[in-house]
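Secondary and tertiary structure notes
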Amino acid sequence: MLTIGCVGIGLWLVGIILSDRFTATQFCSWIPAIAMTPLCLLAAAAARSRRLTTCWCLIAAMTAGWWFLVDQPWRPGEGSSEGLTLMQWTMSHDKSDRVTHANYIVETDADITILTHGYGVRGTDEIRNWLGPDAKPYKLGFFTVLTRLPVRQLRPLAAGMDIHARIIEIDTTRQLGRPIRIAAVDLPSKLTRSRWEIARTLRTWLDERDAGRIDIALGDFNMRRGSAALASIFPDLTHAWDRAGRGWGPTWNRRFPIYRIDHVLVADWLDVLDCTTHDPGIGWHLTQHVVLDGPREEDAAED
């Protein structure tokens with residue numbers, strides 16, 4: 001048991017230090033700290049000296065502390081609903097019950113809703129009635145854009161090697177002081193695919209194809225929050241959860257969420273007033289909900 005404990009802690013530390021920069025270490029980076037806690041307690045129980053028992057108990061406390069204080073799967077606090085509301089939902093599951101999916105979207109009533117794999121749902125009467133006569137659902141590759149706000153641009157950016165990215169520009173001048181440009185992203189889930197190579201490929205495409213200013217990047221990245229690969233794609237953006245996360249953070253699997261693989265990254269000029277996840281009651285992913293505001297007038301004047 002002691003040997004297993006040492007190996008487990010070693011692999012977990014490799015994942016923390018090297019993250020997913022290498023294919024071999026990316027497997028280690030998926031080890032949740034909380035999984036190490038019971039392993040360390042078992043090692044403590046199997047230890048043959050008081051010193052070793054104390055040592056393993058301290059390591060167990062450290063892994064639990066890391067989970068709650070660094071990984072922060074849960075955060076207390078109160079958010080704000082006053083601002084531009086944004087919802088993202090990865091719908092890579094059976095959507096034969098289209099009405100149930102549509103009703104959840106309508107009840108959420110976000111200013112901007114972006115779906116990944118929203119096939120069929122976007123065409124329901126519930127969605128069209130909710131949008132009203134002056135708006136329509138937009139299909140953009142794997143993505144669906146639902147909003148009553150003026151859509152200024154829909155642009156393909158990347159679609160190859162199971163890497164998908166699209167640019168969406170929406171006129172949010174009244175709400176945020178300027179339009180926002182959103183990069184909707186859907187990246188491979190295959191465990192053996194190098195996350196670092198995926199990130200490097202997408203970053204290269206962003207540079208080569210002149211993606212321009214990106215204010216928000218969102219979608220199913222299939223990378224953990226804090227991933228080195230994730231940070232390398234949009235280095236100028238920060239995670240909405242880090243700025244205003246509240247409640248339970250992980251988004252997958254819906255029934256027992258441990259990993260946050262769906263992300264909303266935002267530019268510094270945006271104020272994140274709230275960032276939460278919600279259980280839609282169907283599918284494999286929790287939905288992401290973010291409330292945004294623009295810079296204050298005095299801040300804008302200084303800029």
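Conventions we followed
- Position numbers for residues start from 1 in each chain and track the written sequence from start to end.
- Local features in this predicted model are restricted to residues whose pLDDT is 70 or higher, and side-chain atom pairs enter the listing and the counts only when it is 80 or higher, whereas totals over whole chains, interfaces and linings include all residues.
- Heavy atoms from the whole structure form the basis of all side-chain values; hydrogens and water molecules are not counted.
- Numbering of helices and strands starts at the N terminus; helices are DSSP runs of H or I of at least 4 residues and strands are runs of E of at least 2.
- The size measure is the radius of gyration over C-alpha atoms, and the globule rule it meets is 2.2 Å times the number of residues to the 0.38 power.
- Per-residue accessibility, obtained with a 1.4 Å probe over protein chains only, is compared with the maximum for each type, and a residue is labelled buried under 20%, exposed over 50%, and partly exposed between these values.
- Here, Shrake-Rupley sampling with a 1.4 Å probe gives the accessible areas, and only protein chains in the shown set may cover a residue.
- Neither His nor the chain ends contribute to the count of charged residues, in which Lys and Arg are positive and Asp and Glu negative.
- Throughout, a charge is located at the NZ atom of Lys, the CZ atom of Arg, the CG atom of Asp or the CD atom of Glu.
- Expected helix span is taken as 1.5 Å per residue step, with the number of steps being one fewer than the number of residues.
- In what follows, residue pairs with any heavy atoms lying within 4.5 Å of each other are defined as contacts.
- Strands are treated as partners if at least two bridges between them are detected by DSSP.
- Axis definition: a line fitted to C-alpha atoms, limited for helices to the stretch in contact. Angles are taken between N-to-C directions and run from 0 to 180 degrees.
- Working definition for bend: take the seven residues up to and ending at a residue and the seven starting at it, fit an axis to each, and measure the angle between the axes.

Looking only at helices and strands, one finds 11 helices and 14 strands in the chain. What you see for the chain is a C-alpha radius of gyration of 21 Å, in line with the 19 Å of a compact globule of 303 residues. The principal-axis extent of the C-alpha atoms belonging to the chain is close to 75 × 45 × 40 Å. Burial statistics for the chain: of 303 residues in total, 50% are counted as buried. Carbon and sulfur atoms form 55% of the exposed surface of the chain, whose accessible area is close to 14500 Å². If you average the places of the 33 positive and of the 35 negative side-chain charges in the chain, the two averages end up 9 Å apart.

Turning our attention to helix H3 (residues 33-46). For H3, which comprises 14 residues, the first-to-last C-alpha distance of 20 Å matches the rise-based estimate of 20 Å (1.5 Å per residue) to within 8%. For H3, the complete set of buried residues consists of Ala33, Met36, Thr37, Leu39, Cys40, Ala43 and Ala44. In this structure, the buried residues of H3 make contact with helix H1 (2-18) and helix H4 (50-71).

The strands that make up a sheet pair up through hydrogen bonds in the backbone, lying either parallel or antiparallel. Strand order in this open sheet of six strands is S6-S7-S8-S9-S12-S10, and the pairing throughout is mixed. Strands at the two margins of the open sheet, each flanked by one partner only, are strand S6 (151-160) and strand S10 (238-239). Of the strand pairs in this sheet, strand S7 (residues 163-170) and strand S8 (residues 180-186) are connected by seven bridges, and their pairing is antiparallel. Bridge pairing in S8 links Ile170 to Ile180.

One open sheet holds the six strands; their spatial order is S4-S5-S3-S2-S14-S13, and the pairing between them is mixed. Two strands close off the open sheet at either side, each with one partner strand: strand S4 (138-140) and strand S13 (271-278). The sheet shows a mean angle of 20° between the axes of neighbouring strands, taken without regard to direction. Sitting on the sheet, helix H5 (residues 98-108) is in contact with strand S2 (84-90), strand S3 (112-116), strand S5 (143-147), S13 and strand S14 (287-293), with an inclination near 160° to S2.

Quick look at H4 now. An ideal rise of 1.5 Å per residue puts 32 Å on 22 residues; H4 measures up with 30 Å between its terminal C-alpha atoms. Roughly 25° is the biggest bend found in H4, and it falls at Gly65. By the burial criterion, the buried members of H4 are Trp56, Ala60, Thr63, Ala64, Trp67 and Asp71. The inward-facing, buried residues of H4 contact H1, H3 and strand S11 (247-248). Count one or two residues on from H4 and you reach Gln72, which has phi positive near 45°.

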